[in-house]
Every structure is written in structure tokens, then in C-alpha cells.
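If you want the building blocks of each chain, they are given just below.
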Amino acid sequence: MKLTTIEEQKIDDVLNNIKAGNERILGYPVSKDFDYSRLNEFLKYPINNVGDPFEENTCKISTHEMEREVIGFFAKLFRADPKNYWGYITNGGSESNLYGLYLARELYPKAMVYFSESTHYSVKKNIHLLNIPSITIRAQENGELDYDDLENTLQFNRHKPAIILTTFGTTMTEAKDDVSKVKKILKRLAIQDHYIHCDAALAGSYGAFVEPRIPFDFQDGADSISISGHKFIGSPIPSGVVITKRSLRDRIARSISYIGSLDTTITGSRNGHSPLFLWYAIKKMGIEGLAKRYHHSLAVANYCKAELNKLGIEAWTNEGAITVVFPKVSDSVKDKWQLATDDITHVICMPNVTKKQIDEFIKDMMKEKKSMTSKVQSNYVF
Ligand SMILES: *Cc1c(COP(=O)(O)O)cnc(C)c1O
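Along every chain, residues carry numbers that run from 1 in the direction the sequence is written. Totals for whole chains, interfaces and linings use all residues, but because this is a predicted model, local features are given only for residues with pLDDT of at least 70 and pairs of side-chain atoms are given and counted only at 80 or more. Excluding hydrogens and water, the side-chain values take into account all heavy atoms of the structure.

Novice: Explain the overall build of the protein chain here, please?
Specialist: Going along the chain from the N terminus, every DSSP run of H or I of four or more residues is numbered as a helix, and every run of E of two or more is numbered as a strand. On a plain count of helices and strands, the protein chain comes out with eleven helices and eleven strands. To get the radius of gyration, use the C-alpha atoms; to get the globule rule, take the number of residues to the power 0.38 and multiply by 2.2 Å. A globule of 382 residues ought to have a C-alpha radius of gyration of about 21 Å, and the protein chain, at 22 Å, matches this closely. Taking the principal axes of the C-alpha coordinates as reference, the protein chain spans close to 65 × 65 × 40 Å. Only protein chains enter the accessibility calculation, which uses a 1.4 Å probe. A residue is then buried if its area is under 20% of the maximum for its type, exposed if over 50%, and partly exposed in between. Looking at the 382 residues of the protein chain, the share that counts as buried comes to 55%.

Novice: Mind showing me how you'd approach helix α4 (residues 121-130) here?
Specialist: Think of an α-helix as turning once every 3.6 residues; residues three or four places apart then point the same way. All of the buried residues along α4 are Ser122, Val123, Asn126, Ile127 and Leu130. Buried residues of α4, seen end-on, are gathered within an arc of 135° and therefore sit on one face of the element. Exposed residues on α4 whose side chains face more than 90 degrees from its buried face are Tyr121 and His128. A contact between two residues is defined here by any heavy atoms of the two lying within 4.5 Å. Looking at the buried side of α4, the elements it contacts are α3 (93-107), β2 (112-116), β3 (134-137), β4 (162-167) and β5 (194-199). In the stretch just after α4, asparagine 131 is the one whose phi turns positive, near 55°. The arc refers to the directions leading from the helix axis to the C-beta atoms.

Novice: Whenever I open this one, the state of the cysteines confuses me. Can you help?
Specialist: Disulfide: a covalent bond formed between the sulfur atoms of two cysteine residues. Disulfides are defined as cysteine sulfur pairs within 2.5 Å. Per the stated rule, a full pass over the model turns up zero disulfides. Free of any disulfide, cysteine 304 has its nearest neighbouring cysteine sulfur in cysteine 349, separated by 5.0 Å.

Novice: So what exactly am I meant to see when it comes to the side chain of glutamate 67 here?
Specialist: Its location among the elements puts glutamate 67 in helix α2 (residues 64-77). Judged by its relative accessible area of 0%, glutamate 67 falls in the buried class. Any N or O atom pair separated by 3.5 Å or less is treated as a polar contact, with the protein-specific requirement of one donor-capable and one acceptor-capable atom, and with residues adjacent in sequence counted only for side-chain atom pairs. In terms of polar contacts, glutamate 67 uses its side chain to reach the backbone amide nitrogen of isoleucine 89, at 2.9 Å.

Novice: Can you help me understand the site of the ligand in this one?
Specialist: As a structural note, the neighbourhood of the ligand is formed by 14 residues, with Gly93, Ser94, Asp199, Ser228 and Lys231 the closest of them. At 2.6 Å from a nitrogen atom of the ligand is found a side-chain nitrogen or oxygen belonging to aspartate 199. Between the ligand and serine 228, the relevant distance is 2.8 Å, taken from an oxygen atom to a side-chain nitrogen or oxygen of the residue. Exposure was quantified through the Shrake-Rupley algorithm and a 1.4 Å probe, taking into account, for residues, occlusion by the shown protein chains and nothing else. The protein chains hide 86% of the 380 Å² of surface that the ligand would expose on its own. No other element matches the three residues that α3 contributes to the shell around the ligand. Polar here means any residue other than Ala, Val, Leu, Ile, Met, Phe, Trp, Tyr, Cys and Pro, which are nonpolar, and Asp, Glu, Lys and Arg, which are charged; Gly is therefore polar. Across the shell around the ligand, the residue classes break down as one nonpolar, eleven polar and two charged. Note on definitions. A residue lies near a molecule or strand when any single heavy atom of the residue is within 4 Å of it.

Novice: Please clarify how the environment of isoleucine 252 should be interpreted in this entry.
Specialist: Checked against the element boundaries, isoleucine 252 lands in helix α7 (residues 246-252). For isoleucine 252, a relative accessible area of 12% corresponds to the buried category. It is 7.3 Å that separates the C-alpha atoms of isoleucine 252 and leucine 103, two residues lying 149 residues apart in sequence. Leaving out residues up to four positions away in the same chain, isoleucine 252 has contacts with Tyr99, Tyr102, Leu103, Glu106 and Leu107.

Novice: Mind showing me how you'd approach the domain arrangement of the protein chain here?
Specialist: One frequent convention defines the size of an interface as the accessible area lost when the parts assemble. Under the domain assignment used here, the protein chain contains domain 1 (5-35 + 287-368) and domain 2 (47-283). Residue ranges for the domains trace back to a domain assignment, done automatically or taken from a database. The gap between the C-alpha centroids of domain 1 and domain 2 is 27 Å. Taken together, the contact between domain 1 and domain 2 spans 28 residues of the former and 24 residues of the latter. Defined here as a combined quantity, buried area equals the accessible surface (1.4 Å probe) lost by two parts on assembly, summed across both. Together domain 1 and domain 2 conceal approximately 2100 Å² of surface at their shared face, both sides included; 68% is due to carbon and sulfur atoms. The largest share of the area that domain 1 buries against domain 2 comes from Leu290, Tyr294 and Asn318, three residues that together contribute 26% of it.

This is the structure:
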């Protein structure tokens, strides 16, 4: 059957809306500068990466081989022990966080989870799904975990295993929790049964290039790390990566004979196209390309901050961050540039954002300056 004219029109309309919306996004962490046309042919096949990417699988229409390479790439970037890492490509950072917390709970069923006020909502939902008791820790003004509050709270619960959820790049201010500080606190309190999951959805992809370095990876003390594939790298389909230690995953692996593989992933059928995109992206960029992307973003973010400051707007960034934070803007600027606002606004200088775009945005900000709320402004002096 053929589609009706109305249905044909609908496809064009939706496509045009997407194209128009794609022009100006400054508030959300999605890279748009990708070209995966080399992989178009793969859309003709029902690729399914069901099962553990590191085990023999009976399903042959898969991209497990590329998935393993992508996991290997990030394991190395996150300084995992080359003989002791494991992971898989998920549907996104949220599933990666769910996996980290699930693994932690299986290892320590009686544990308490600690996470900061600035933690992503997916973490709270996951903790609820897994039914683990939890305590919210205060965040500092810049969005980073309040280590003193963590230490005091842990002190009261020393008899319980501790699962600490750190964030490397919080959603609003891109604050980065220092994993080595968390590790030191656990050591001081002699809490031996502990697990640290690092949610690095946005910033994990460039964390290795941040200077001065902010501790977040396996050598710094993380037991698992999650990132989103569609954020800094960029992909037409949302995806994520979770990396952990092979030894930990082995302790919870359960065999299931039906698919002839170990059932170690959260979902059953898994998207086999995302590993292709991520593989293609990391091969094209390499480590140097990834570092270059970060340095470009950082330069644009510093430019944006300086231009806003010139207008007398108190814009600031966390150290090494590509997210510029400033007081809430009017709805018209917010809608035009698709900005996320809380009681503050931010511009995330993803690799596709150029200085030229920032100039256009600054022009709008110049017009809007008077309507900015001065109340919030005074809270942020950096
Ligand atoms: C985006 C984000 C997530 C969720 O990732 P998805 O890929 O959207 O599921 C989790 N944590 C942080 C800090 C994020 O920025």
C-alpha cells in the first residue's frame, strides 16, 4: 500500500521541524556534527546485540566485535586494568547508571547509597527501582559534592556498606566530584565494603583531557563509570557506555541457556547500530581528535563567558567545564536558543557550537539584559 498524500506530507513536516529545531540548540548536551552516511547500508538489517558482548553468542547478526572495541577504547581512556575490565553499550547514560547501581547492590545487598543534591534524576529513579536505602548529601554552591557532609553522614552509618554515586559533570553547572577525595574519606572511616559509581554522562568523554586533572576514573578509585554516547561524541540514536571491573561483573553473572550467552546486561535485545556509530566515531577521531574537540569546546565556553561578562552578566564556569552558567533569562531567549533553565540558565558549548553562534546569542542577550533577574545573580560570585 502507498502512503496517502497527507501521510507523505506528515513525514516532510516532521523532518522539517527537526531540521529547524536542530539549528539552534545551546542548552542541551548533544553534539550534532556527525556524519555516519558510510554506515547507511546497515539500516537494512535487523541487527541485535542481545547477550554479553564478551561471550560467544548464537545470534550472528550483531556488531559485538565493534562493541568490544568501543568498550576497550573507553576502558583505556578511563585507565582500567587492561586485564580486568568489562562493559557494554547501553541505551543511554540512565541505563548505564542503573547497571552500576545494580552491580553495587548485588555485591552489597545491605548497603546505603549516598548521592548529592545535584545528582541526575535518573539516579534517584534507579535507586527507587532497585529499592536501595539512600541518603542525599548536600552540594556545594558550584554543584560539587559537599565532602564534609558526606564524611559526617558516612560516620553515622559506618556499620553499613557504602555505595557512593559521584557525578563527573552535573546537569546544570557541570560540577565534577573528586573521586579520590571520596576514596580518602572511606579510608579514613575504615569502611571497607564500598563501591563508587561515577556518572560521567557528558564529561567522561573528555575527562582525561581536563587540566588540571580532576580525579574520576578507575585509578582514582571508581568501580564503574557511565557515559552517554549521544552527548559529547554524537549519534542519531541515543546510546551509552558502562565500564566496570571484570572481576565484579563475574561475581554477579548468571547463566541463561536460551540465547546461549550470559545474561549480564539490563535489557535483552540490544541495539546493534549504536556500537557501529560509536566505533566509527572513535576510529575517525582517535584520542587526539577527541582531545581537540574538547579544547575547541573549552575555548568557545571561555569566549562565551567573557562576552557575557563584558555585558555585565555574571556568567561563570566550573574549572575545565564547557558549560557556562548565568542568571535565568527571559522566555523568548530561552525558547529561541533552547536553553534549559532552573533558577539559573546555562549554555553548553558542545563541539558543534561556534564562536559565530555565540556572537548571535550575545546579540540577543544584549537586548535582554535589562530583564534578567538580579536576585540569583548575587548568589554566584566566581
Ligand atoms: C544526560 C545525563 C544522564 C542521563 O543520560 P541519558 O543518556 O540521557 O540517559 C545522567 N547523568 C548525567 C549527569 C547526565 O548529564
